[in-house]
Amino acid sequence: MPVGGRRTTPFAPGVSRPATRGGKVEPVRTCIGTRTRAPRSSLVRIVVRDGRLVVDETASLPGRGAWLTPSMEAFESAVKRRAFRRAFRLDSDPDSQELRDQLVARTTPDAPPRVPPRPLAQTEQADRHMDN
């Protein structure tokens, strides 16, 4: 039992870690664009390769990484605040055009596949079921 009978948590008040399947706790990361905390699975990891910002799909590339909400608003905020430069400890701003293109491709809603409407049942049996 903790001191004073109170349970303590390593997180700020009001911040809880979302539970995942099997009762395991998913890691929480902070978005460098919006400065909000979110489960790791809802963010993308960004790394610098040859002076360019690249999405680390597997979150396993070596080196310093930063987490970003996959939205254009978060990206624009990070660029405006120079968060990439600060997060990666760079002397100049990295090339962010490739990352911008990837985020646009991710966030642009694809046209949903057109599903033909189901035909209405015109049989006597269907009419009987509708009356019940």
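Structural data are supplied above this passage.
Description of the structure in this document. (Residues numbered from 1 in each chain as written. Predicted model: local features only at pLDDT ≥ 70, side-chain atom pairs only at ≥ 80, totals over all residues. Heavy atoms only, no water.)

1. Digging into the overall build of the protein
Here's step 1: In terms of helices and strands, the protein carries four helices and five strands.
Here's step 2: Order of helices (α) and strands (β) in the protein, N terminus to C terminus: β-β-β-β-β-α-α-α-α.
Here's step 3: Relative to its 132 residues, the protein shows a buried fraction of 24%.
Here's step 4: Expressed as a percentage of contacts within the protein between residues at least 6 apart in sequence, the contacts between residues at least 24 apart total 47%.
Here's step 5: Here the protein has roughly 10,100 Å² of accessible surface; of this, 52% comes from carbon and sulfur atoms. (Helix = DSSP H or I, 4+ residues; strand = E, 2+ residues; numbered from the N terminus. Buried < 20%, exposed > 50% of the residue type's maximum accessible area, 1.4 Å probe, protein only. Contact = heavy atoms within 4.5 Å. Areas by Shrake-Rupley, 256 points an atom, 1.4 Å probe, with all protein chains shown as cover.)

2. Examining the packing of helix α1 (residues 72–80) against helix α3 (residues 97–107)
Here's step 1: For the pair α1 and α3, interaxial distance at closest approach is 10 Å and the crossing angle is 160°. Put simply, α1 runs roughly antiparallel to α3. You can see that α1 and α3 cross each other, and the crossing is left-handed. Residues M72, F75 and E76 of α1 lie in contact with α3, whose contacting residues are L99, R100, L103, V104 and T107.
Here's step 2: Looking at side-chain class alone, the contact of α1 with α3 contains five nonpolar, one polar and two charged residues. (Axes fitted to C-alpha atoms, helices over the stretch in contact; angles between N-to-C directions. Parallel < 35°, antiparallel > 145°, perpendicular 65-115°, else oblique. Left-handed = near helix turned anticlockwise from the far one by under 90°. Nonpolar A, V, L, I, M, F, W, Y, C, P; charged D, E, K, R; others polar.)

3. Some remarks on the pattern of salt bridges
Here's step 1: Throughout the structure, instances matching the rule amount to four salt bridges.
Here's step 2: When the shortest N-O distance is used, the salt bridge between R106 and E57 registers 2.8 Å. Linking R106 in helix α3 with E57 in the loop between β4 (52–56) and β5 (66–68), this pair joins segments that are 49 residues apart in sequence.
Here's step 3: With relative accessibility at 60%, the residue E57 sits in the exposed group.
Here's step 4: Here R100 ties to E76 by a salt bridge, and the two come within 2.6 Å at their closest N and O atoms. Placement of the pair is R100 in helix α3 and E76 in helix α1, with a sequence separation of 24 residues.
Here's step 5: Overall, R100 belongs to the partly exposed group, its relative accessible area being 26%.
Here's step 6: Residue E76 is classed as partly exposed on the basis of its relative accessible area of 34%. (Salt bridge = Lys/Arg side-chain N within 4 Å of Asp/Glu carboxyl O.)

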